[in-house]
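Results of the structural survey
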Amino acid sequence: MNNMEYIVKLGGSVITEKDKAMKINYDSLCRIGSYLRKNMPKIIVHGGGSYGHYIVHGILEKKKRLDYTDLPLISYVMDTLNREVIKCLQDYGLPVVSFPPHSICSIKNNELECETGTLKRIVEKGLIPVLYGDAVVSTGGIEILSGDTLMVFLAREYGLRKLVFLTDVDGVYVNMDKKTIIKHLNLRDPRSQLAFLRESNNIDVTGGMRAKIESLKNLPSGTLVYIVNGRKESHLSKVFVEGENPGTLIET
Ligand SMILES: Nc1ncnc2c1ncn2[C@@H]1O[C@H](COP(=O)(O)OP(=O)(O)O)[C@@H](O)[C@H]1O
Ligand SMILES: [Mg+2]
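In this report, we go over the structure that sits alongside the text. (Residues numbered from 1 in each chain as written. Chains lettered and ligands numbered in written order. Predicted model: local features only at pLDDT ≥ 70, side-chain atom pairs only at ≥ 80, totals over all residues.)

On a plain count of helices and strands, the protein chain comes out with nine helices and 14 strands. Whereas a compact globule of 252 residues would reach a radius of gyration of roughly 18 Å, the protein chain reaches 17 Å, a difference of no more than 12%. Along the first, second and third principal axes, the C-alpha atoms of the protein chain reach 45 × 40 × 35 Å. The buried share among the 252 residues of the protein chain stands at 42%. Pairs at least 24 apart in sequence give 75% of the contacts found in the protein chain among residues at least 6 apart. (Helix = DSSP H or I, 4+ residues; strand = E, 2+ residues; numbered from the N terminus. Rg over C-alpha atoms; globule rule 2.2 N^0.38 Å. Buried ≥ 20, exposed ≤ 12 C-beta atoms within 10 Å, placed from the backbone. Contact = placed C-beta atoms within 7 Å.)

As structure tokens, this is what we get:
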């Protein structure tokens, strides 16, 4: 399991302070870099955290919807976060290359399309592309493409059967108040109760844990998805060094 090729998402809730606008948590981000160096992923995706979510939330509060004129600001803000992510990961020796989704992806009639030719060649060279939750052009204007949706799209595109989502909770809670997590979840099992899934406690425009799990239903069966607390060093060690499940392991 440990040597399986994988794709990882650095949740915005881990690499930024979600309750403070435009604030990066460099300790978390760089610690993750040190663990990814030990067990390199094929592709990295990161979320918007207090960068993307704050900006989009602000625009939506003001004028209720997004349009083309919002793309320059949203893409600039996410690019700013991405540069810091790239720098930190490069400092830890990861051969990462930025791939802004707004320049290769669009949504046509609710279908995500990305030009992945160059991305594939970069991966073949042993380099690691870094993509992120972004605003992309869509049929009606622009839409938010969440990092979670992008993870599923890329895993399918590259046939990756292991996905690791680093987030700010210990796994999927069955009881939010008691913080009890479920260790294993089989999405194909009709008995799996997903009623406990909620959105995010943070400012979040892409639906938190509920939307994350929902998007996994588009993965081929037999895929392993790890939901891991990216802020806890012992959990990072468990998933990246020991190849074990410190949080919730979801089978599709
Ligand atoms: N059943 C649940 N288990 C765990 N987290 C949940 C659950 N329901 C809702 N959440 C919320 O989802 C959040 C994680 O999603 P999100 O904030 O979007 O993080 P990320 O940055 O990793 O995408 C948690 O911080 C929590 O507030
Ligand atoms: Mg999220």
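Let's pick the thread back up.
Okay, helix α8 (residues 208–216) next. Among the residues of α8, M209, K212, I213 and L216 are the ones counted as buried. Buried positions in α8, seen along its axis, are confined to an arc of 90° and lie on one side of it. Packed against the buried residues of α8 are α7 (147–158), β9 (162–167), β10 (172–175), β13 (224–229) and β14 (248–251). (Arc of directions from axis to C-beta.)

This part is about the nonpolar core. If you look at the biggest cluster of nonpolar residues, it comprises 63 residues, and the most contacted ones within it are I7, V45 and V164. Among all residues touching V164, those that are not within four sequence positions of it are Y6, V8, Y226, V228 and V239. (Core = buried A, V, L, I, M, F, W, Y, C linked by C-beta atoms within 7 Å.)

This part takes up the environment of V164. Structurally, V164 is set in strand β9. Taking C-alpha positions, V164 is 7.2 Å from V228, a pair spaced 64 residues apart along the chain.

Turning our eyes to something else, we now look at the site of ligand 1. If you check the shell around ligand 1, you find 19 residues, and the closest are G11, S13, T167, R198 and M209. Looking at the shell around ligand 1, its residues break down into seven nonpolar, nine polar and three charged. (Near = placed C-beta within 6 Å. Nonpolar A, V, L, I, M, F, W, Y, C, P; charged D, E, K, R; others polar.)

Glancing now at the pairing of strand β6 (residues 128–132). Summarising burial for β6: five of the five residues are buried, a large majority. Of the two faces of β6, the one carrying I128, V130 and Y132 and the one carrying P129 and L131 are both buried. Here strand β3 (residues 96–98) runs beside β6; their pairing, made up of three bridges, is parallel. Bridge assignment links V97 to a residue of β6, and that residue is P129. (Pairing = 2+ DSSP bridges.)

The next subject is the sheet that holds strand β1 (residues 7–10). The sheet built from eight strands is open, its strands ordered β3-β6-β2-β1-β9-β13-β14-β12 with mixed pairing. Each having just a single partner strand, β3 and β12 (184–186) make up the two edges of the open sheet. The sheet shows a mean angle of 20° between the axes of neighbouring strands, taken without regard to direction. Relative to β14, β12 is paired through three bridges, and the arrangement is parallel. Each bridged residue has a counterpart across the sheet, and for L185 the counterpart in β14 is I250. (Axes fitted to C-alpha atoms, helices over the stretch in contact; angles between N-to-C directions.)

Another aspect to go through is the packing of helix α2 (residues 26–38) against helix α4 (residues 71–91). Across the interface, α2 lies against α4 with an axial gap of 8 Å and an inter-helix angle of 45°. If you check the angle between α2 and α4, you find them oblique. Where α2 crosses over α4, the handedness of that crossing is right-handed. Touching Y26, L29, C30, G33 and L36 of α2 are V85, C88, L89 and D91, all from α4. Classifying every residue of the contact of α2 with α4 by side-chain character gives seven nonpolar, one polar and one charged. (Parallel < 35°, antiparallel > 145°, perpendicular 65-115°, else oblique. Left-handed = near helix turned anticlockwise from the far one by under 90°.)

Relative orientation of the contacting elements α2 and helix α9 (residues 233–240) amounts to 15°, with a least axis distance of 10 Å. The angle between α2 and α9 falls in the class roughly parallel. For the pair α2 and α9, the sense of crossing is right-handed. Residue-level inspection shows R31, I32, Y35, L36 and K38 of α2 in contact with α9, the latter providing E233, L236 and F240. The class makeup of the residues in the contact of α2 with α9 is five nonpolar, no polar and three charged.

This paragraph deals with the sheet that holds strand β4 (residues 105–108). If you trace the four strands from one edge of the open sheet to the other, you get β5-β4-β7-β8, paired in mixed fashion. A strand with exactly one partner marks an edge of an open sheet, and here the two such strands are β5 (111–114) and β8 (141–145). Going from strand to strand, the sheet's axes swing by 40° on average, the running direction of each strand aside. Judged from the five bridges that link them, strand β7 (residues 134–138) and β8 form a sheet pairing that is antiparallel. What sits directly across from A135, in β8, is I144.

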